[in-house]
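The lines below spell out each chain.
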Amino acid sequence: MANILPNTDGGLLTPDNCAVVFIDHQPQMTFGVANIDRQLLVNNVVMLAKGAKEYGVPVILTAVETESFSGYIWPDLMDVFPGQQPVERSSMNSWDDEKFREAVKATGKRNIIIAGLWTEVCVAWPTLHLLAEGYNVYVVEDACGATSVAAHDAAMRRIVQAGAVPMTSVATVLEFQRDWANKEHYDAVLDIFRKHGGAYGDGIDYAYTMVHKAPQSAENPHVVAELKDFNKIKQKIKRSVPIWVTPWLLRPPRAISQIFLFGEAKISAPGRVPRKC
């Protein structure tokens, strides 16, 4: 028998039935992360944040002991939500903080998506309490960091055993989109993936530019020189180098590569074969 969670769309999340919580994405916490490449972690968190913002999903930011220990939330994350400030806490367990509890309740959502540092403490503990309060909790694994692979895996097993649902960042944002016929967010979400989706983003960029012939997204787009320009290059070479060097420079690419294969050549007279030196 299927175990479909209540307050979902047949088990699926929608932008209207959930909220996202970002917990303690702060420098001191980042320093201790060892289960995932830290730049990849930042990338995944920002992708999730931009996705939530694009679809209008309520977002809560929270931070612990900012000025006394942990440092300010990552600028890349804060900049996604201009004007929004995090819930400041002293407790490692966010749910122990009344301001945080009130922020969650104010969303009116029963499905809570969590990303945070560290998985084994500041993610696992509020997850367990949220589950005890009757919320459905979805933990975005690749937007969480722990002090070791073992710590992360143990924490994930603990919360999944209690009823939490593991997610990943790309899958979560795709669940918000759900149908590519939804053109309202189509270009925006693909742009998020192009910037933060790794190989998936490269594939999207390829399809845009090579298949659909869309303009390149680069501020400095790649311009491919046409072969007819080679004649112009030859004329410039003839005018700018001694005449006895020109034949070497105008040789076909294969011949030139053979020259470099033998090392730097000493050319002292016209027609002389280059020697390895």
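To keep things clear, this report deals only with the structure shown in the data block.

What counts and what doesn't
Residues numbered from 1 in each chain as written. Predicted model: local features only at pLDDT ≥ 70, side-chain atom pairs only at ≥ 80, totals over all residues. Heavy atoms only, no water. Core = buried A, V, L, I, M, F, W, Y, C linked by side-chain atoms within 4.5 Å. Buried < 20%, exposed > 50% of the residue type's maximum accessible area, 1.4 Å probe, protein only. Helix = DSSP H or I, 4+ residues; strand = E, 2+ residues; numbered from the N terminus. Contact = heavy atoms within 4.5 Å. Pairing = 2+ DSSP bridges. Axes fitted to C-alpha atoms, helices over the stretch in contact; angles between N-to-C directions. Polar contact = N/O pair within 3.5 Å; in protein donor to acceptor, adjacent residues only side chain to side chain. Patch = residues over 30% accessible without salt bridge, like charges linked within 9 Å, V, L, I, M, F, W, Y side chains within 5 Å. Areas by Shrake-Rupley, 256 points an atom, 1.4 Å probe, with all protein chains shown as cover. Salt bridge = Lys/Arg side-chain N within 4 Å of Asp/Glu carboxyl O. Expected span 1.5 Å × (residues − 1).

## Re the nonpolar core
Item 1. Counting 41 residues, the largest nonpolar core has Val-20, Phe-22, Leu-61, Leu-77, Phe-81 and Ile-113 as its most contacted members.
Item 2. Take this core: its biggest share by element is eight residues, from helix H2 (residues 38–54).
Item 3. For Val-20, the contacting residues outside a window of four places in its chain are Leu-48, Ala-52, Val-57, Pro-58, Val-59, Ile-60 and Ile-113.
Item 4. Ranked by size, the runner-up nonpolar core spans 24 residues in total, among them Ile-114, Val-123, Met-156 and Ile-159.

## Comments concerning the sheet that holds strand S3 (residues 87–89)
Item 1. Overall, parallel pairing links the six strands, which are arranged S3-S2-S1-S4-S5-S6 in an open sheet. Here the strands that pair on one side only, and so sit at the sheet edges, are S3 and strand S6 (165–167). Across this sheet, the average inter-strand angle for adjacent strands is 25°, counted without regard to direction.
Item 2. Across four bridges, strand S4 (residues 111–116) lies against strand S5 (residues 136–140) in parallel orientation. Within the sheet, the bridge partner assigned to Ile-112 lies in S5 and is Val-137.
Item 3. Strands in contact with H2 are strand S1 (18–23), strand S2 (59–64), S4 and S5; relative to S1, the strand with the most contacts, it is inclined by about 145°.

## Let's talk about the side chain of Ser-91
Item 1. Relative to the elements of secondary structure, Ser-91 occurs in the loop between S3 and helix H5 (98–107).
Item 2. Polar contacts involving the side chain of Ser-91 include one to the main-chain carbonyl oxygen of Asn-93, which spans 2.9 Å.
Item 3. Contacts of Ser-91, omitting those with residues within four sequence positions, involve Val-64, Asp-96 and Asp-97.

## Describing a nonpolar patch on the surface
Item 1. Residues Tyr-206, Met-210 and Val-211 make up a contiguous nonpolar surface patch of about 330 Å² in total accessible area.
Item 2. What makes Val-211 exposed here is its relative accessible area of 54%.

## A look at helix H7 (residues 149–162)
Three- or four-residue spacings in an α-helix give side chains the same orientation, since the helix completes a turn every 3.6 residues.
Item 1. Over its 14 residues, H7 runs 20 Å from end to end, which matches the ideal 20 Å to within 8%, given 1.5 Å per residue.
Item 2. Against helix H6 (119–132), S5 and S6 lie the buried residues of H7.

## Examining the pattern of salt bridges
Side chains that carry opposite charge are capable of pairing whenever their charged atoms lie near each other.
Item 1. Per the stated rule, a full pass over the model turns up five salt bridges.
Item 2. Its salt-bridge partner being Asp-9, residue Arg-178 comes within 2.6 Å of it at the nearest N-O pair. Here Asp-9 lies in the segment before S1 and Arg-178 lies in the loop between helix H8 (169–177) and helix H9 (186–196), a separation of 169 residues in the sequence.
Item 3. Its relative accessible area of 36% is what places Asp-9 among the partly exposed residues.
Item 4. Between Asp-24 and Arg-89 there is a salt bridge whose closest N-O contact spans 2.8 Å. Here the residue Asp-24 occupies a position in the loop between S1 and helix H1 (27–31), and Arg-89 occupies one in strand S3, the gap between them amounting to 65 residues.

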